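# Descriptive analysis of the structure
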Amino acid sequence: GIGHAAIMGVHARPIDGLDIGFRFTYNFKMKSENDTSKFKGPAALLGELSDYADGAKMYVTEPILFGLGVSYYFTKELRVEINGQYTLDDRVDRTDNKKEAYYQNKLLVGATVEYLFFKTLKASVGYLYDTGRMRDKARTEITYGQEVHHVCMGAGYDVNDMINIGIGLFYSLYSEVG
């Protein structure tokens, strides 16, 4: 299927070195139908995988999203960012129609520190917390939407004004199901 969304963003720089951004996304309802040529899997999982069977129809609408980010340069070399995102997952029309029982609104909160070592070399570390969109009672070992903690780091090198080489690593710690 094809999805459509309306996105609005606002960026403000009230003082030098401080950037504030806000984003609102409204995703229109989307229905999808699978065209699956082969559908195989362990018998114990086929019930969980029924959304992928040939001819299966489902709503795949994404939730309304609100986002806010703040970035501040404490010095020319040191920048700190905090951000948050809130999605209204419990209001999405889903195929299983169990939105009240299964889905909760989702919150992501993160922070990043970036340091510019030289004019061409910078590095950053960050953290992101994700509450997950599935309620605890609805989670299984193969469902998405669990609570997650992400830790990341990266570096970037500007070869010239047009080429930047970047590398990054991250580690995600998922909550236990139960």
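Refer to the structure presented above.
The shown structure was predicted, so the numbers you read here are calculated from the model rather than taken from an experiment.

Rules used in this analysis
- Residues numbered from 1 in each chain as written.
- Predicted model: local features only at pLDDT ≥ 70, side-chain atom pairs only at ≥ 80, totals over all residues.
- Heavy atoms only, no water.
- Salt bridge = Lys/Arg side-chain N within 4 Å of Asp/Glu carboxyl O.
- Helix = DSSP H or I, 4+ residues; strand = E, 2+ residues; numbered from the N terminus.
- Buried < 20%, exposed > 50% of the residue type's maximum accessible area, 1.4 Å probe, protein only.
- Polar contact = N/O pair within 3.5 Å; in protein donor to acceptor, adjacent residues only side chain to side chain.
- Contact = heavy atoms within 4.5 Å.

Counting across every chain of the model gives four salt bridges. Notably, a salt bridge pairs Arg 79 with Glu 81, separated by 1.8 Å at the nearest N-O pair. When the shortest N-O distance is used, the salt bridge between Lys 106 and Asp 130 registers 3.4 Å. One end of the pair, Lys 106, is in strand S7 (residues 106-118); the other, Asp 130, is in strand S8 (residues 121-130), with 24 residues separating them in the sequence.

This part takes up the environment of Thr 131. Relative to the assigned elements, Thr 131 resides in the loop between S8 and strand S9 (148-158). Overall, Thr 131 belongs to the buried group, its relative accessible area being 18%. Put simply, Thr 131 and Leu 108 are 23 residues apart on the chain and 6.5 Å apart in space, counted from C-alpha to C-alpha. A distance of 2.9 Å separates a polar side-chain atom of Thr 131 from the backbone nitrogen of Leu 107.

This paragraph deals with the environment of Lys 106. Since its relative accessible area comes to 16%, Lys 106 is described here as buried. Dropping the residues within four chain positions of it, Lys 106 is found in contact with Gln 85, Tyr 86, Thr 87, Asp 89, Asp 130, Thr 131, Gly 132 and Arg 133. Here the side chain of Lys 106 touches Asp 130 through a polar contact of 3.4 Å, side chain to side chain.

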